[in-house]
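Here's the letter readout for the chains.
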Protein chains: 2
Amino acid sequence: MQALIDRIRNEGQYLGGGILKVDSFLNHQLDPDLTLAMGEAFKQRFTAMGVHGVTKIVTAEVSGIAPAFAVGLTCQVPITYARKKRPITMPDGYFEAEAPSHTKGGVTRLLISPEFLSPKDRVLLIDDFLATGKTLEALVRIIQQSGADLLGIGCVIEKSFEGGRARLEPLGIPIVSLAIIESMDRETITVTSTDP
Amino acid sequence: MQALIDRIRNEGQYLGGGILKVDSFLNHQLDPDLTLAMGEAFKQRFTAMGVHGVTKIVTAEVSGIAPAFAVGLTCQVPITYARKKRPITMPDGYFEAEAPSHTKGGVTRLLISPEFLSPKDRVLLIDDFLATGKTLEALVRIIQQSGADLLGIGCVIEKSFEGGRARLEPLGIPIVSLAIIESMDRETITVTSTDP
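Attention now goes to the overall build of chain A. Regarding its fold elements, chain A presents six helices and eleven strands. Computed over its C-alpha atoms, the radius of gyration of chain A comes to 16 Å, within 12% of the 16 Å expected for a compact globule of 196 residues. Its C-alpha atoms give chain A principal-axis dimensions of roughly 50 × 40 × 30 Å. For chain A, buried positions account for 49% of its 196 residues. For chain A, contacts bridging at least 24 residues in sequence account for 61% of all contacts bridging at least 6.

Encoded structure:
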């Protein structure tokens, strides 16, 4: 997705320790048109890969919400975002998985209420980053617990050198990233398109 | 906003302790078209109240993001969401305020980087709930620290019996809520329209 790649090249900053800062359009500030275009790009790519009949978008709070919302808007289906703490509104019997926190250290719990994910659902899983794949893997476990059908995984930015794709490929479902970071250091962020 | 009021009447649940559960379309699952309609309703209402020249939408993670995104999309301006923990990508000199956490207990810190809020900005502040108004008040303090101009405050659902509007009215700016809960108990949620 060229518009995204241009933004990463122009505004992305490598902070060391594998951290790419893209706060100006993904993790602290959002560009509405760019986000909407992400939703359209995901839909186009998944459709071209044979995905159809999606009934729900699943993501995790916080930074997955905006791109997942854009996909939900484009596909005209609801978005369910996993919570990191159990709110007092969440009933017993919730689906739950843990993932190591990449940017904060420690372990992050992810929880989804059975009210909003069921065996009837055909799900696209969307997140901001595919790095080690451990957060997405936790969301996959939640979707499996619910009995829903997972049709595909989409992430806005993939860091191809962190092995996440290899972790998820055994699922045998389409994995779409809109931009791939092949390498980065203080001087250069090498980002490539995944457009067909 | 009638579509919102219908959803609150049909799907809202009073859980006691002042807690209204609207997880099916606002706090855990999102309805894309309803959310988009919220954005359009906010724009219409603020425009009718003389607000113009908005350059930025400000909200707080997590549940403010979707309605704020919809307003940003409708107004064609970026959205900045306050973080609750300082990410490693946030530079020194951030704007910061604290608010008591309504649903979780304790105190919530809210932080915005000066990269994404400046004296040049003309801001609409959007959040999911207006209850005691203390979270919105913390966001107001952050906007004041930044030197940006606050033009209006919008919330999806106002609980009129918790006094938040009175707390914010001294600011002398338009305060818009799309639905007002006048009272609630286990049997009845009394919700009224604010449509002009």
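Below, the discussion takes up the interface of chain B and chain A. Listed by partner, the interface residues are 33 residues for chain B and 33 residues for chain A. Among the secondary structure elements, those contributing two or more residues to the side of chain B that touches chain A are α2 (23-27), β3 (29-30), α3 (32-48), α4 (65-75) and β5 (79-82) of chain B. The element contributing the most residues to the side of chain B that touches chain A is α4(B), with five residues. Partitioning the side of chain B that touches chain A into residue classes produces 16 nonpolar, nine polar and eight charged.

On to the sheet that holds strand β5 (residues 79-82) of chain A, then. Taken in spatial order, the seven strands line up as β11(A)-β10(A)-β9(A)-β8(A)-β4(A)-β5(A)-β3(B) in an open sheet, and their pairing is mixed. Looking at strand neighbours, the two that pair on one side only are β11 (189-193) of chain A together with β3 of chain B, the edges of this open sheet. Sheet topology places strand β8 (residues 122-130) of chain A next to strand β9 (residues 149-159) of chain A; eight bridges connect them, and they run parallel. Paired with A:L125 across the strands is A:I153, a residue of β9(A).

The next point concerns the relation of the copies chain B and chain A. Superposing chain B onto chain A takes a rotation of 180 degrees plus a shift of 0.0 Å along the axis, which leaves an RMSD of 0.0 Å. In the structure described here, the two chain copies are related by an operation that fits a two-fold rotation axis. Within chain B, B:V62 has its C-alpha nearest the rotation axis, a separation of 3.0 Å. Both copies present the same face, since 100% of the interface residues in chain B are matched by interface residues at the equivalent positions in chain A.

Right, let's get into the sheet that holds strand β8 (residues 122-130) of chain B. The sheet built from seven strands is open, its strands ordered β3(A)-β5(B)-β4(B)-β8(B)-β9(B)-β10(B)-β11(B) with mixed pairing. Edge strands, defined here as strands with exactly one partner in the open sheet, are β3 (29-30) of chain A together with β11 (189-193) of chain B. Pairing analysis gives four bridges linking strand β4 (residues 56-60) of chain B to β5(B), with the strands arranged parallel. Counterpart to B:A60 in the pairing with β5(B) is B:A82. The sheet contacts of helix α1 (residues 2-11) of chain B involve β9 (149-159), β10 (175-184) and β11 of chain B, and relative to β11(B) the element is tilted by about 175 degrees.

Most of β9(A) sits inside the fold, with nine of its eleven residues counted as buried. In this view, the connection linking β8(A) to its parallel neighbour β9(A) by way of helix α5 (residues 134-146) of chain A has right-handed handedness.

Residues and elements named next belong to chain A. A cis amide bond, omega 10 degrees, links E61 with the succeeding residue V62. Secondary-structure assignment places V62 in the loop between β4 (56-60) and α4 (65-75). At Q76, a position not held by glycine, the phi torsion is positive, near 60 degrees. Here Q76 shows up in the loop between α4 and β5. On the neighbour-count criterion, Q76 (10 C-beta atoms within 10 Å) is exposed.

Orientation of α4(A) relative to α4(B), taken along the N-to-C sense of each, is 65 degrees, at an axis distance of 10 Å. In this structure, α4(A) crosses over α4(B), and the sense of that crossing is right-handed. Mapping the contact onto sequence places A:I65, A:A66 and A:F69 in α4(A) and B:I65, B:A66 and B:F69 in α4(B). Grouping the constituent residues of the contact of α4(A) with α4(B) by class yields six nonpolar, no polar and no charged.

Bringing the environment of A:R122 into the picture now. With respect to the helices and strands, A:R122 occurs in strand β8. When sequence neighbours within four positions are dropped, the list of residues in contact with A:R122 reads A:G53, A:V54, A:T55, A:D149 and A:L151.

Mean pLDDT for chain A: 95, with 98% of residues reaching 70 or above. Both scores are available for the predicted complex, with the pTM at 0.97 and the ipTM at 0.96.

Right, let's talk about the environment of A:L178 for a bit. Residues and elements named next belong to chain A. Mapped onto the elements of the fold, L178 is located in strand β10 (residues 175-184). In this structure L178 comes out as buried when scored by C-beta crowding, with 24 C-beta atoms within 10 Å. Counting along the chain gives 16 residues from L178 to E162, while the straight-line C-alpha distance between them is 16 Å. Among all residues touching L178, those that are not within four sequence positions of it are M1, L4, M38, A41, V156 and T194.

Right, let's get into the packing of α1(B) against α3(B). Residue and element names in this part refer to chain B. Look at α1 against α3: their axes get within 10 Å of each other, and the N-to-C directions meet at 135 degrees. One finds that α1 runs oblique with respect to α3. From α1, A3, L4 and R7 reach across to α3, where they touch L34, A37 and M38. In terms of residue class, the contact of α1 with α3 is made up of five nonpolar, no polar and one charged.

What counts and what doesn't
For every chain, the first residue of the written sequence is number 1, and numbering continues from 1 along that sequence. Starting at A for chains and at 1 for ligands, labels are handed out in the order in which the entities are written. Local features in this predicted model are restricted to residues whose pLDDT is 70 or higher, and side-chain atom pairs enter the listing and the counts only when it is 80 or higher, whereas totals over whole chains, interfaces and linings include all residues. Elements are defined by DSSP. Helices are runs of H or I of four residues or more, strands are runs of E of two residues or more, and each kind is numbered from the N terminus. Computation of the radius of gyration draws on C-alpha atoms, with the globule rule given as 2.2 Å multiplied by the number of residues to the power 0.38. Partly exposed residues are those whose C-beta has more than 12 but fewer than 20 other C-beta atoms within 10 Å; 20 or more makes a residue buried and 12 or fewer makes it exposed, with C-beta atoms placed from the backbone. By the criterion used throughout, residues are in contact when their C-beta atoms, derived from the backbone, lie within 7 Å. Here the term charged refers only to Asp, Glu, Lys and Arg, the term nonpolar to Ala, Val, Leu, Ile, Met, Phe, Trp, Tyr, Cys and Pro, and the term polar to all other amino acids, Gly among them. For two strands to count as paired, DSSP must find a minimum of two bridges between them. Here the copies were fitted onto each other by least squares, based on C-alpha atoms from residues at pLDDT of at least 70 in both. Angular values range over 0 to 180 degrees, each being the angle between N-to-C directions of two axes fitted as lines to C-alpha atoms, with helices fitted over their stretch in contact. Looking down the strands as they point away from the viewer, one classifies a crossover as right-handed if the path from the first strand across the helix to the second runs clockwise. Take the far helix as the reference: if the near one is turned anticlockwise from it by less than a right angle, the crossing is left-handed, and if turned clockwise, right-handed. pLDDT runs from 0 to 100 and stands for how confident the predictor is about each residue. Throughout this description, any angle smaller than 35 degrees is read as roughly parallel, any larger than 145 degrees as roughly antiparallel, any in the 65 to 115 degree range as roughly perpendicular, and the remainder as oblique.

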